[in-house]
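# Descriptive structure summary
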Amino acid sequence: MAISANEYLDNFMTGLKRRNPGETEFHQACYEVASTLVPYIVTKPKYIEAQVLERLTEPDRVVIFRVSWEDDKQNIRHNRGYRVQCSNAIGPYKGGIRFHPSVTLSVLKFLAFEQTFKNSLTGLPMGGGKGGADFNPKGKSDHEVMRFCQSFMTELHRYIGDDVDVPAGDIGVGGREIGYMFGQYKRLTTRFTGVLTGKGLEYGGSKIRTEATGYGVVYFAQNMMKQAGTDMAGKKVLVSGSGNVATYAVEKATQLGGKVLTMSDSSGYIYDKDGINAEKLAFIQDLKEVRRGRIEEYAKQFKGAEFHEGRPWNVPCDVALPCATQNEINGAEAKALLKNGMKVISEGANMPSDQDAINAYIDAKVLYGPSKAANAGGVSVSGMEMSQNSARLSWSEEELQKLLLSVMKGIHERCVEYGTEGKYVNYMKGANIAGFVKVADAMLAFGVA
Ligand code: NDP
């Protein structure tokens, strides 16, 4: 007798939690995917018989290693490094490296799992992985960061390669860290290959890679709004974060006529009722990227701007772009956003909304672009960086801008294809099913592996 979707989901989650005790972020990400995917796969016996979802939630492999390094006072320090290789069914493992004290195996397993679906959604041949360490770059000198990155790569280099696994940046890993890691890889292997993406333009990086995730988040919002007969012009926009993704989301939202009212960091948020224009954004970029300071300084610099502790989600807005970190919007905050008029949310960070928040958006039938669709612009341009490296070519900015727009449009179309429910598009369901089908069909082709 055919099993019901609810029964399948219960059995699946019970088994997953038993095999992965205490990995709450991983459970959360798997539930978010399974809750929309299971009603689809119970109608497709080929996926059930081949245990595709169960196999996909068991990473191909996880590498855990010690990273020893010396600080500027010659104290010996050590951190834990990881690489989670989730699936290479449709291409080499691909996904960022995160350096943050909150990094655990659970966080990286959730990110690698999400990445597998995201990379599939882009239409490019990339599998899913993620890595990192519980290292805190804040307050460290450039030399300390360099020694840490070199030590991290000394171990990691055995497990990666241009056709094997191609890491990139993420929280705490930007151009500086990628440079140190690429330099060390080259030194250890004597090979100059496209083994990392997000590289500097002088040594094989791609134009617009830095901007791609943030721009893509806004393009995804724009695609959803176009489908609903509206656009960004004149909209009040809330952004969280002040790192790579947030900066370029603010830039693009402003260019398209939106008024960005907030940005944040881990100490709080700034609210600027006059909007964060290009000049003010340049101040933030210098503050966060060069001086590595706190966002509070913005409120001292610009008249009328306020600094508040906590998160920005009580400020009235039309559009929300969470671009900081996971679980930064809970159910109560989602309800506050909806009560204050939010109609569109496009996620720059990975899994920024918890399950209660997602339920609130879907119940209210607002335009909700889940991270695996909305923030896929970055990995898409990373995929293009891999192609340029393989071909020993460098594509023009104009060409890459066009490609990014077209990839984000394609992702939107795939979500609409699988997520339309009457007049409403459930983008989460669409993204999960569309991302799954390609990977699952490749796995079926390989037999039992
Ligand atoms: P950055 O390190 O450049 O910036 C992170 C920003 O988020 C900083 O403002 C940081 O504040 C803030 N932040 C980090 N952790 C917390 C926390 N626990 N609470 C509150 N604020 C926090 O990272 P990215 O911009 O690269 O990444 C941001 C998000 O986007 C992540 O979820 C990442 O996985 C996702 N993403 C990134 C991509 C990329 O291309 N870079 C691609 C796809 C997704 P502070 O300065 O105080 O630390």
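Now for a description of the structure that goes with this document.

## Examining the sheet that holds strand β6 (residues 236-240)
- The strand order across the open sheet formed by 7 strands is β9-β8-β7-β6-β10-β11-β12, and the pairing between neighbours is mixed. Every other strand in the sheet has two partners, leaving β9 (306-308) and β12 (367-369) as the edge strands with one partner each. The sheet shows a mean angle of 15° between the axes of neighbouring strands, taken without regard to direction.
- Taken together, the 2 bridges between strand β10 (residues 319-322) and strand β11 (residues 344-346) define a ladder with parallel strand orientation. Opposite Val-319, over in β11, you have Val-344 as the bridge partner.
- Seen against the sheet, helix α9 (residues 244-255) touches β6, β7 (259-265) and β10 and runs at an angle of roughly 175° to β7.

## Digging into the sheet that holds strand β1 (residues 61-70)
- In spatial order, the strands read β1-β2-β4-β3-β5; together these 5 strands make up an open sheet with mixed pairing. With one partner strand each, in any of the chains shown, β1 and β5 (165-168) form the two edges of the open sheet. Neighbour to neighbour, the strand axes of the sheet diverge by 20° on average, direction disregarded.
- Of the strand pairs in this sheet, β1 and strand β2 (residues 76-87) are connected by 10 bridges, and their pairing is antiparallel. Across the sheet, the residue bridging to Ser-68 is His-78, located in β2.

## A short note on the nonpolar core
- The biggest cluster of nonpolar side chains holds 53 residues, and the ones touching the most others in it are Phe-220, Met-263, Leu-321 and Ile-411.
- Ranked by the residues each element gives to this core, the list is headed by helix α8 (residues 209-227), at 9 residues.
- Not counting chain neighbours up to four residues away, the residues in contact with Ile-411 comprise Leu-121, Thr-122, Phe-220, Ala-373 and Ala-376.
- Membership of the second largest hydrophobic core comes to 40 residues, among which are Phe-26, Cys-30, Phe-117 and Met-351.

## Some details on the packing of aromatic side chains
- Overall, the coordinates contain 21 aromatic pairs when judged by the stated rule.
- These aromatic residues form a ring-pair network of at least three members: Phe-65, Trp-69, Phe-99, Phe-135, Phe-148 and Phe-152.
- Taking NZ or CZ as reference, Lys-109 lies 4.7 Å from the ring centre of Phe-26, over its face.
- Looking at Lys-199, its charged tip hangs above the ring of Phe-182, at a distance of 5.9 Å from the centre.

## Digging into empty space enclosed by the protein
- Throughout the structure, instances matching the rule amount to 2 cavities of 30 Å³ or more.
- Of the voids in this model, the largest cavity is the one considered here, and its volume is about 60 Å³.
- What lines the second largest cavity is Phe-26, Leu-56, Thr-57, Glu-58, Pro-59, Val-84, Cys-86, Lys-109, Ala-112 and Phe-113.
- Residue assignment for the lining of the second largest cavity shows that the elements contributing at least two residues are β2 and α5 (105-121).
- At 3 residues, the largest contribution of residues to the lining of the second largest cavity is made by α5.
- Residues that form the lining of the second largest cavity fall into these classes: 7 nonpolar, 1 polar and 2 charged.

Rules of the game
Residues numbered from 1 in each chain as written. Predicted model: local features only at pLDDT ≥ 70, side-chain atom pairs only at ≥ 80, totals over all residues. Heavy atoms only, no water. Pairing = 2+ DSSP bridges. Helix = DSSP H or I, 4+ residues; strand = E, 2+ residues; numbered from the N terminus. Axes fitted to C-alpha atoms, helices over the stretch in contact; angles between N-to-C directions. Contact = heavy atoms within 4.5 Å. Core = buried A, V, L, I, M, F, W, Y, C linked by side-chain atoms within 4.5 Å. Buried < 20%, exposed > 50% of the residue type's maximum accessible area, 1.4 Å probe, protein only. Phe/Tyr/Trp six-rings, centres within 6.5 Å; stacked < 30°, edge-to-face > 60°. Lys NZ or Arg CZ within 6 Å of the ring centre and 35° of its normal. 1 Å grid on protein atoms, 1.4 Å probe; cavity = no way out; pocket = protein on both sides within 12 Å on 5 of 7 lines; lining within 4 Å. Points joined across faces, edges and corners; volume = space filled by probe spheres on them. Nonpolar A, V, L, I, M, F, W, Y, C, P; charged D, E, K, R; others polar.

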